[in-house]
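Working through the structure, step by step
So the chains spell out like this:
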Amino acid sequence: MLAPLPTATPAPHGEPSLALPRAFWKDFTRRHWDREPALFKRPFTQHFFTGQEIYEALLEVAGRVRRGEYTLPLRFFIEHEDGPDGLPHYGMALAMAPYLPTREDGELESYLARLDKLLAGKRFGLVLNRAQGFHWNHWLQTTTFLSGLYESVGVPLGSSDSCIFLGNYRYTPFGIHKDNSHVFNFVVAGRKTYSLWPYEALSGRDEVPKGVSLVDKACSIFLRDRQEEAELLSRASFLEADTGDVTYWPVSYWHRAEPTQGLTLSISLGVGFSPPLFTSEAPPQEWPDRLRHAEMPHGRNWQVPAQVRSALRKRAQRKALLAAERESTIEWVRLLTCGALNGAPPEVQEAPLSPTEWIRAHPERPIVCVPLPGKQLLVSAIGRSTTLPSSPPLRRRVERLVSALNAGKPLQVEALEAAFFSRLPTRALKREAFRALLDDLVRWRAVRRCPPPGGKSR
């Protein structure tokens, strides 16, 4: 199950990239995808996840938790050794703020030292889902890695998610389990050992529901005692990964992290084909489970893929249902512009653009325009969006603006504004709204400030 060492692709435009060559993905798809687990020894020569970047992501989410904004994707487990069955068990801290990093900690090592003192030496596990939503580099690393997979197997629409695991816990805090997604695990620090079982090996247990297949569903195994644990481990296969290694196991596999020495830090990237979470709020219906890579947002004249449009339109034309279709369309477009990831990267805080400044977009992360029911126009990029009125003259101007930006060339703000409003009917859009749209694109990281042509980089 040891896979060959691939060569990393150089980073485009100076950004961190974990893209792998097509030859790697072709071999991976043929040998491992949805078939068997795999281990890849240090496949990246640069731009791998770092402890500092992860610490910065944890600081971001810790700030939100302390402001009362965000708790759902973050869990903090404390290990207890006094289980009645001889197995350690894990309690989840409800008041997490004391256990999270602060600016005063300064760095990951200082935070961990404070945490060890606070816990009086007890083992712990910190789990952060949607990690790509808390650090820009992490989002870039995740999307560039997935781009090759998408091209090879299609784009899964179950909202792929990156999850941080940090701690010195002996076992995965939620025990032997299986997810509803295929899993790539990146070992950032330490050593990880995973026990693995194919679906059929444990599907007959009493706690596994009968009469329904859970091959691509989440489920957990409950161990009674050490003897049962030893018996299950005697039937497991194992992957042992060091810092810099990447492991993979299919959606059908049960798994658990096993005891290793010291602290470990890893990224678990789940790739699922179940409908995105936001579709649960829409009327029950069939949704596509994947798209072709070519159907993802690209440059000129992109449209919402036909499979998605067809599902959205299978509704009566009553006003309330048109509003639901509009909201669902917005969510689908955000998902696709975000690289089919469950969560957009954090916004950047910058001053409003001045007329004399220059901006440029990234040609590989296009801004898209999508007409919405109710005579509105959606402008979306990197998982975020805004809506504008959709009169024919205004729609044409917005589409031309987006097309110019998507070319990836430096453009001056005041020149863009002058071209946009030239002969545009009065009251179609206020100039303040136009400037706000450009400022939104900067805040979303869809465009960035740049020097004028021939000028020096900032």
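Worth saying up front: this structure is predicted, and the values here are computed from it rather than measured. (Residues numbered from 1 in each chain as written. Predicted model: local features only at pLDDT ≥ 70, side-chain atom pairs only at ≥ 80, totals over all residues. Heavy atoms only, no water.)

**Some points on the sheet that holds strand β19 (residues 376–381)**
Within the open sheet, the 3 strands sit side by side as β18-β19-β20. Their pairing is antiparallel. With partners counted over all chains shown, the strands left at the sheet margins are β18 (368–372) and β20 (384–389), one partner each. Geometrically, the sheet is characterised by an average inter-axis angle of 25 degrees between neighbouring strands, direction not taken into account. Pairing analysis gives 6 bridges linking β19 to β20, with the strands arranged antiparallel. For L377, the partnering residue across the bridge sits in β20 and is L388. Contacts between helix α9 (residues 392–406) and the sheet are confined to β18, β19 and β20, with β18 contributing the most and set at about 160 degrees to the helix. (Pairing = 2+ DSSP bridges. Helix = DSSP H or I, 4+ residues; strand = E, 2+ residues; numbered from the N terminus. Axes fitted to C-alpha atoms, helices over the stretch in contact; angles between N-to-C directions. Contact = heavy atoms within 4.5 Å.)

**Topic: unusual backbone geometry**
The residue K375 is not glycine, and still its phi comes out positive at about 55 degrees. Its place among the elements puts K375 in the loop between β18 and β19. Residue classification places K375 among the exposed positions, given a relative accessible area of 72%. With phi around 50 degrees, I382 is a residue other than glycine that occupies positive phi space. Inspection of the secondary structure puts I382 in the loop between β19 and β20. (Buried < 20%, exposed > 50% of the residue type's maximum accessible area, 1.4 Å probe, protein only.)

**Let's talk about the nonpolar core**
Nonpolar side chains in soluble globular proteins tend to be buried together. Grouped together as the largest cluster of nonpolar side chains are 111 residues, with contacts concentrated most on F76, F145, F184, F186, I367 and L405. In this structure L405 touches I359, A361, I367, L411, L416, L441 and V447, once residues within four positions along its chain are discounted. With 13 residues, the next largest nonpolar core counts I176, W197, C219 and I221 among its residues. (Core = buried A, V, L, I, M, F, W, Y, C linked by side-chain atoms within 4.5 Å.)

**Describing the pattern of salt bridges**
Here the structure, examined in full by the defined rule, presents 30 salt bridges. Across the pair E15 and R365 runs a salt bridge whose closest N-O atoms are separated by 2.9 Å. Note that E15 is positioned in the loop between β1 (2–3) and α1 (22–31) and R365 in the loop between β17 (358–361) and β18, a separation of 350 residues in sequence. Residue R191 pairs with E240 through a salt bridge whose shortest N-O separation is 2.7 Å. Here R191, found in the loop between β9 (182–189) and β10 (192–197), pairs with E240, found in strand β12 (residues 237–241); they are 49 residues apart in sequence, far enough to count as distant. Several salt bridges converge on common partners, so that one network encompasses K41, R191, E240, D242 and D245. (Salt bridge = Lys/Arg side-chain N within 4 Å of Asp/Glu carboxyl O.)

**With respect to the sheet that holds strand β22 (residues 447–450)**
Two orientations exist for strands paired in a sheet by backbone hydrogen bonds: parallel and antiparallel. Spatially, β21-β17-β22 is the arrangement adopted by the 3 strands of the open sheet, whose pairing is antiparallel. The sheet is open, and its two borders are formed by β21 (411–412) and β22, each paired with just one other strand. Sheet analysis places β17 next to β21, joined by 2 bridges and oriented antiparallel. From the neighbouring strand, I359 faces β21, where its bridge partner is L411.

**Side note on empty space enclosed by the protein**
Overall, the coordinates contain 2 cavities of 30 Å³ or more when judged by the stated rule. In this structure, the largest cavity spans a volume of roughly 60 Å³. If you trace the largest cavity, you find it lined by Y169, R170, R191, K192, T193, A257, E258, T260, G262 and T264. Listing elements by their share of the lining of the largest cavity, those giving two or more residues are β10 and β14 (254–258). Of the residues in the lining of the largest cavity, the class split is 2 nonpolar, 4 polar and 4 charged. In this structure, the second largest cavity occupies an estimated 40 Å³ of space. Across the lining of the second largest cavity, the residue classes break down as 8 nonpolar, no polar and no charged. (1 Å grid on protein atoms, 1.4 Å probe; cavity = no way out; pocket = protein on both sides within 12 Å on 5 of 7 lines; lining within 4 Å. Points joined across faces, edges and corners; volume = space filled by probe spheres on them. Nonpolar A, V, L, I, M, F, W, Y, C, P; charged D, E, K, R; others polar.)

**Let's talk about helix α6 (residues 226–233)**
Buried residues of α6: E228, E229 and L232, and no others. Along the long axis of α6, the arc covered by the buried residues comes to 100 degrees, so they all point the same way. Among the structural elements, β10, α5 (199–202) and β14 are those in contact with the buried residues of α6. (Arc of directions from axis to C-beta.)

**Description of the pairing of β18**
Counting buried residues along β18, 4 of its 5 residues qualify, which places the element largely inside the surrounding structure. Following β18, the chain reverses through 3 residues before pairing antiparallel with β19; G374 in that reversal takes a positive phi of roughly 90 degrees.

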